[in-house]
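Each chain, written out:
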Amino acid sequence: VHRLMKMNRDGVATDISNLLNKPADSMWNQSKATFQLFNHNDSLNLIAHSYHEQLKRIKTIIVKPNAEPGLSAFTQFFFPFDFGYDQLKEVTLLKNQLLILKTSKDEDGKNILSIIKTDIVTGKQFSKQFESGKYVYHNPTLRCNIADSSVFIYSLLRTPFGYRGARPELFMARLSNTLHELSPVQTLTNIFHGNAASAFLVEKKHSLGWMCFSYDLQSFGRGSRLPSDQFSPY
């Protein structure tokens, strides 16, 4: 049973769990995974994920809960995902677009950063991937430009654990609404000057704001994966 609280500006909380626990919504509300909540088109929307091992895919359900009896409106999509090789990094819902960011490492040890974009009205899907060889994508992030629906992706690139003296670089890519490159991929070196542990950079040309990075040798030495409660086995 899920519990959902709504808090107003004065700190007064209201229990609105009835939006999530209706018997009619058993198609999605029985998931043990953590739900994501979005203010999408001025309405509360919820996203739940479930992993299908045989299909090597994640099923993503987007729900618009309502307080009325009966089934809440929902839409579902699938995207490729292999739990043995992939890590889910970010899921964003914006302007009827579902954006998925994931990293992968194939059997040959090659590192891949993938973005998948789905139009939740038409179901049309676009994808784009970047390869970095032995360099690992660390904390990749995406930002969307509402004005032209372009996507900006950035990530630290670090060498595998065990390489000494190599400091991370910054990877940046700007993509169109169909995920084509709008400009060549950029890689910046020496973003941590001197003994700096953190760096702040601003992308001014397209008004995408500040980027912040932290450099931690101990955390860079370990692999990272989103908690297992981001999606539930089906």
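This one's a predicted model, so the numbers in the text were calculated from it and none came from an experiment. Along each chain, the written sequence defines residue order, and numbers are assigned to residues from 1. Thresholds applied to this predicted model are a pLDDT of at least 70 for local features of residues and 80 or more for the giving and counting of side-chain atom pairs; totals over whole chains, interfaces and linings are not thresholded and use all residues. Side-chain measures here rest on the full set of heavy atoms in the structure, leaving out hydrogens and waters.

## Examining the packing of aromatic side chains
Remark: the centre distance and the inter-plane angle together describe each pair of aromatic rings, the angle taken between the planes. Each aromatic pair joins two rings of Phe, Tyr and Trp (for Trp, the six-membered one) with centres within 6.5 Å, and gets the label stacked for planes under 30 degrees apart, edge-to-face for over 60, and tilted for any other angle. As enumerated under the stated definition, the model contains 7 aromatic pairs in all. Judged by centre distance (5.9 Å) and plane angle (40°), the rings of Tyr51 and Phe83 are tilted. Here Tyr51 is found in strand S4 (residues 43–52), whereas its partner Phe83 is found in the loop between strand S6 (73–80) and strand S7 (86–94), with 32 residues between them in sequence. On the basis of relative accessible area, Phe83 is assigned to the partly exposed category, the value being 36%. Each member of the aromatic cluster is reached from another via a ring pair, and the members are Tyr51, Phe81 and Phe83. Secondary structure is summarised from DSSP: a helix means a run of H or I of at least four residues, a strand means a run of E of at least two, and numbering begins at the N terminus for each. Only protein chains enter the accessibility calculation, which uses a 1.4 Å probe; a residue is then buried when its area is under 20% of its type maximum, exposed when over 50%, and partly exposed in between.

## A few points about the confidence of the model for the chain
Scored from 0 to 100, pLDDT records how confident the predictor is in each individual residue. Taken over all residues, the pLDDT of the chain has a mean of 85, while the share at 70 or more is 88%. We call two residues contacting when some pair of their heavy atoms lies within 4.5 Å. Here residues 219–229 is a poorly scored stretch, pLDDT under 50, and it has 17 contacts once near neighbours within four places are set aside; other chains count.

## Overview of the pattern of salt bridges
Basic side-chain nitrogens of Lys or Arg form a salt bridge, by our definition, when they fall within 4 Å of a carboxyl oxygen of Asp or Glu. Within this structure, the stated rule accounts for 8 salt bridges. Between Lys110 and Glu131 there is a salt bridge, with the nearest N and O atoms lying 3.7 Å from each other. Within this pair, whereas Lys110 is found in the loop between strand S8 (97–105) and strand S9 (111–119), its partner Glu131 is found in strand S10 (residues 125–131), the two being separated by 21 residues in sequence. What makes Lys110 partly exposed here is its relative accessible area of 29%. Residue classification places Glu131 among the partly exposed residues on the basis of a relative accessible area of 48%. A single network of salt bridges, built from pairs that share partners, joins Asp106, Lys110 and Glu131.

## Re the sheet that holds S9
By definition, two strands form a pair when at least two bridges between them are found by DSSP. Spatially, S7-S8-S9-S10 is the arrangement adopted by the 4 strands of the open sheet, whose pairing is antiparallel. Two strands close off the open sheet at either side, each with one partner strand: S7 and S10. Within the sheet, the average angular offset between the axes of one strand and its neighbour, ignoring direction, is 15°. Here S9 runs beside S10; their pairing, made up of 7 bridges, is antiparallel. Opposite Ile112, over in S10, you have Glu131 as the bridge partner. Between N-to-C directions, angles span 0 to 180 degrees; the directions come from axes that are lines fitted to C-alpha atoms, helices contributing only their stretch in contact.

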